[in-house]
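# Examination of the molecular architecture
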Amino acid sequence: MSSTIHCEVDTMPMAQSLTSVSHKVEQTRAAVVAMQAAVICAEQQAADQVCENVNRGFYTLIQSQISQKVARLRSEVDSHMMNLNQQTKQLLAIRNRMERDYGMICSRYVKLFSGINKNLQQRVFELDKPTINFAVRDVNTLSNRTKQLTATVPVAQLESVTTSQRIVASNMKNRSMRAISSMNSFLSDLKQQDALTHSVLLPMRMEHNADPMMIPVIISESNFDRNDSRKVDIAINDSALEKGCRDIIKSAVTNTEFSWQQSSGIDIELKSEFNRIKAQSRASERVKALAEKLFLANTFETLNK
């Protein structure tokens, strides 16, 4: 036979345990939600911070590259500006030197042509002196005879008019006699000059080969600036030659192309002259030593023979 056992089990502790468990689960859920929200917020902040750092780094990089380019371009502009300023100074120096050379050449040629004109005028006056005297002095006097003649009064008596006419006629006769005497003197001088010219000139032209004359000429070519601008100076004896001959020689030498060659050493006479000048100089010993060092280190070129 079967027996039935009735057992009562109290579920209250279990229910209470489940209730506490449900509270813990609810707290866990709330903590998970809060943690998820905090994680999301932290990720958002981290993303914003990363983006801000990336943007700042990008802007800093671009600014640095632009600053480097600006600095490089500014240095190039400054270098070009310095080069342009240097070239401007050189051009101004060349222009000033050309102006000085032009003024010097103009004054030289003005003086030369003025001297030639005066010399030619004197020679022409000496060749035809009576004609020049007649043309310059007598003709001007005759053309201004109204100023030279005796003035007459517009209203005068018959006696004074007759006397004035006699004075005028006498003055005209005197001037005519002077003009005739001047022409006679001119013709006689011309005849004497022709006779003297025929007596001096040879009846025929003599052609012969004259011996050549050697004239010493000093030619110095110097470089006076950093642009390799060269200047040629020509020195000729002024006492033994006339000015025309000196000008012809200088023109011929100037139009000649020179060929220079490197000298083997310093000439003995040049070295002795340098030593003499150095000995007479009142400069300090340091300056003399430096001058001697530069003199010995310099190279000379001479003309090809």
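Scroll up a little and you will see the structure.
Structure report, in brief. (Residues numbered from 1 in each chain as written. Predicted model: local features only at pLDDT ≥ 70, side-chain atom pairs only at ≥ 80, totals over all residues. Heavy atoms only, no water.)

### So, the overall build of the protein
Scanning the protein from N- to C-terminus turns up seven helices and four strands. Mapped in sequence order, the helices and strands of the protein form the string α-α-α-α-β-β-α-β-α-α-β. Per-residue burial for the protein yields a buried fraction of 7% across its 305 residues. Accessible area of the protein: about 27,000 Å², with a carbon and sulfur share of 59%. (Helix = DSSP H or I, 4+ residues; strand = E, 2+ residues; numbered from the N terminus. Buried < 20%, exposed > 50% of the residue type's maximum accessible area, 1.4 Å probe, protein only. Areas by Shrake-Rupley, 256 points an atom, 1.4 Å probe, with all protein chains shown as cover.)

### Comments concerning the packing of helix α6 (residues 268–280) against helix α7 (residues 285–297)
Close contact between α6 and α7 brings their axes to 11 Å; oriented N to C, the two are set at 165 degrees. Viewed along their axes, α6 and α7 adopt a mutual orientation that is roughly antiparallel. The handedness of the crossing between α6 and α7 comes out as right-handed. Here Leu-270, Lys-271, Phe-274, Lys-278 and Ala-279 of α6 lie close against α7, whose contacting residues are Lys-288, Ala-291, Glu-292 and Phe-295. When grouped by side-chain class, the residues that make up the contact of α6 with α7 number five nonpolar, no polar and four charged. (Axes fitted to C-alpha atoms, helices over the stretch in contact; angles between N-to-C directions. Parallel < 35°, antiparallel > 145°, perpendicular 65-115°, else oblique. Left-handed = near helix turned anticlockwise from the far one by under 90°. Contact = heavy atoms within 4.5 Å. Nonpolar A, V, L, I, M, F, W, Y, C, P; charged D, E, K, R; others polar.)

### A word on a nonpolar patch on the surface
A grouping of Met-104, Ile-105, Tyr-109, Phe-113, Ile-116 and Leu-120 is seen on the molecular surface, where their side chains present a nonpolar patch of about 540 Å² in accessible area. Within the secondary structure, Met-104 is located in helix α1 (residues 12–127). What makes Met-104 partly exposed here is its relative accessible area of 38%. (Patch = residues over 30% accessible without salt bridge, like charges linked within 9 Å, V, L, I, M, F, W, Y side chains within 5 Å. Salt bridge = Lys/Arg side-chain N within 4 Å of Asp/Glu carboxyl O.)

### Let's talk about the pattern of salt bridges
Per the stated rule, a full pass over the model turns up six salt bridges. The salt bridge involving Glu-52 is made with Arg-56; its shortest N-O contact spans 2.9 Å. Pair noted here: Glu-52 and Arg-56 are both in helix α1, with a separation of four residues, about one helical turn. The partly exposed category is assigned to Glu-52, whose relative accessible area is 46%. Judged by relative accessible area, Arg-56 falls into the partly exposed class, the value being 44%. Residue Arg-276 pairs with Glu-273 through a salt bridge whose shortest N-O separation is 2.3 Å.

### Some thoughts on the nonpolar core
Among soluble globular proteins, nonpolar side chains are generally buried collectively. Counting residues in hydrophobic clusters, the biggest one holds five residues: Ile-234, Ile-236, Leu-241, Ile-249 and Val-253. At the level of secondary structure, the elements contributing two or more residues to this core comprise β2 (230–236) and α5 (243–254). If sequence neighbours within four positions are ignored, Ile-249 has contacts with Ile-215, Val-217, Ile-236 and Leu-241. (Core = buried A, V, L, I, M, F, W, Y, C linked by side-chain atoms within 4.5 Å.)

### Points about the packing of aromatic side chains
For the structure on display, the rule yields three aromatic pairs. For the ring pair Tyr-109 and Phe-113, a centre distance of 6.2 Å and an interplane angle of 25 degrees mean the geometry is stacked. Taken together, the residues span about one helical turn, with Tyr-109 and Phe-113 both in helix α1 at a distance of four residues. Classification of Tyr-109 by relative accessible area gives partly exposed; the value is 43%. (Phe/Tyr/Trp six-rings, centres within 6.5 Å; stacked < 30°, edge-to-face > 60°.)

### A closer look at the layout of surface pockets
Approximately 1,300 Å³ is the volume attributed to the largest pocket. Considering the residues around the largest pocket, the lining is formed by 30 residues, among which Arg-108, Tyr-109, Leu-112, Asp-247 and Lys-250 are closest to the centre. Elements that contribute at least two residues to the lining of the largest pocket include exactly α1, β2 and α5. The dominant element in the lining of the largest pocket, judged by the number of residues it contributes, is α1, at 13 residues. Here the residues of the lining of the largest pocket sort into ten nonpolar, six polar and 14 charged. Surrounding the second largest pocket, 17 residues form its lining, Glu-221, Trp-260, Phe-300, Glu-301 and Thr-302 being those nearest its centre. At the level of secondary structure, the elements contributing two or more residues to the lining of the second largest pocket comprise β1 (217–223) and β4 (301–303). For the lining of the second largest pocket, the element with the most residues is β1, which contributes four residues. (1 Å grid on protein atoms, 1.4 Å probe; cavity = no way out; pocket = protein on both sides within 12 Å on 5 of 7 lines; lining within 4 Å. Points joined across faces, edges and corners; volume = space filled by probe spheres on them.)

### Quick notes on the environment of Val-217
Here Val-217 shows up in strand β1. Dropping the residues within four chain positions of it, Val-217 is found in contact with Ile-234, Ala-235, Ile-236, Ile-249 and Val-253.

### Things to note about α5
Helical geometry: 3.6 residues make up each α-helical turn, so side chains three or four residues apart lie on a common side. Between its terminal C-alpha atoms α5 stretches 16 Å, which fits the 16 Å expected from twelve residues at 1.5 Å a residue. Buried residues of α5: Arg-246, Ile-249 and Val-253, and no others. Viewed along the axis of α5, the buried residues span an arc of 65 degrees, placing them on a single side of the element. Exposed and facing more than 90 degrees away from the buried side of α5 are Ile-248 and Thr-254. (Expected span 1.5 Å × (residues − 1). Arc of directions from axis to C-beta.)

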